[in-house]
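Below are the chains, spelled out letter by letter.
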Amino acid sequence: QQPVQSPQAVILREGEDAVINCSSSKALYSVHWYRQKHGEAPVFLMILLKGGEQKGHDKISASFNEKKQQSSLYLTASQLSYSGTYFCGTEMGTSYDKVIFGPGTSLSVIP
Amino acid sequence: DAGVIQSPRHEVTEMGQEVTLRCKPISGHNSLFWYRQTMMRGLELLIYFNNNVPIDDSGMPEDRFSAKMPNASFSTLKIQPSEPRDSAVYFCASSWTNVGSYEQYFGPGTRLTVT
């Protein structure tokens, strides 16, 4: 039931773009994205509900393709502050349910 | 708001001892979650409560683990007896849950080391 994330790790230079993918073998109701910096707690980024919507704030956005049971997180013009581990969390079924987190993608932005 | 409060922040104990972790959710939130995070297993959901009622405890590893939420402002996760493999960071999170859409606010975590 745990979603699959790719890549496992990525290193970027400041200003470069990155895409993190999240996929599930089961139908999804929603996808949640969190970022965790080293030694800190995960922090919410955004939720996407089924319907294929795309969300974003600042230079981080995400899409959700419910037919493919996939979501992608887009980081544009990366900044040093973007470094951390990104987790997608999937909520299955047709209504409120628990969120299962993927294994995470480690993102390092270097000068 | 002070956010989700967890105590203690660090706990070192010997194998076989009882460990109690505490959590105070954000006031007004109706759902509370306990997670365990390790390098090997990632971020695992142990149990979650809605309106103080346990909804899903399928992630609780075994009978040594128990969780309670006696009221809307307090929850405990107890491990008895503790084992070295229980060493991990335990997070508590809370949310205001509406159908299909909620964000979770995580506490700072409790780093547990069992020797």
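Rules used in this analysis
Residues numbered from 1 in each chain as written. Chains lettered and ligands numbered in written order. Predicted model: local features only at pLDDT ≥ 70, side-chain atom pairs only at ≥ 80, totals over all residues. Heavy atoms only, no water. Contact = heavy atoms within 4.5 Å. Buried area = accessible area lost by both parts, 1.4 Å probe. Salt bridge = Lys/Arg side-chain N within 4 Å of Asp/Glu carboxyl O. Helix = DSSP H or I, 4+ residues; strand = E, 2+ residues; numbered from the N terminus. Pairing = 2+ DSSP bridges. Axes fitted to C-alpha atoms, helices over the stretch in contact; angles between N-to-C directions.

Section: the interface of chain A and chain B
In this complex, chain A contributes 19 residues to the contact, which on the side of chain B involves 21 residues. Carbon and sulfur atoms supply 59% of the area buried between chain A and chain B, which totals about 1700 Å² over both sides. Here chain A and chain B share one salt bridge between them. Its salt-bridge partner being Asp56(B), residue Lys98(A) comes within 2.9 Å of it at the nearest N-O pair. Elements with a minimum of two residues in the side of chain A that touches chain B: strand S4 (28-36), strand S5 (43-49), strand S9 (84-92) and strand S10 (99-101) of chain A. Looking at the side of chain A that touches chain B element by element, the count peaks at five residues for S4(A).

So, the sheet that holds strand S7 (residues 65-71) of chain B
Residue and element names in this part refer to chain B. One open sheet accounts for four strands, arranged S1-S3-S8-S7; its pairing is antiparallel. Strands with a single pairing partner mark the edges of an open sheet, and in this sheet they are strand S1 (5-7) and S7. With strand direction ignored, the average angle separating the axes of adjacent strands in the sheet is 15°. In this sheet, strand S8 (residues 74-79) lies alongside strand S3 (residues 19-24) in antiparallel orientation, the contact comprising five bridges. What sits directly across from Thr20, in S8, is Lys78.

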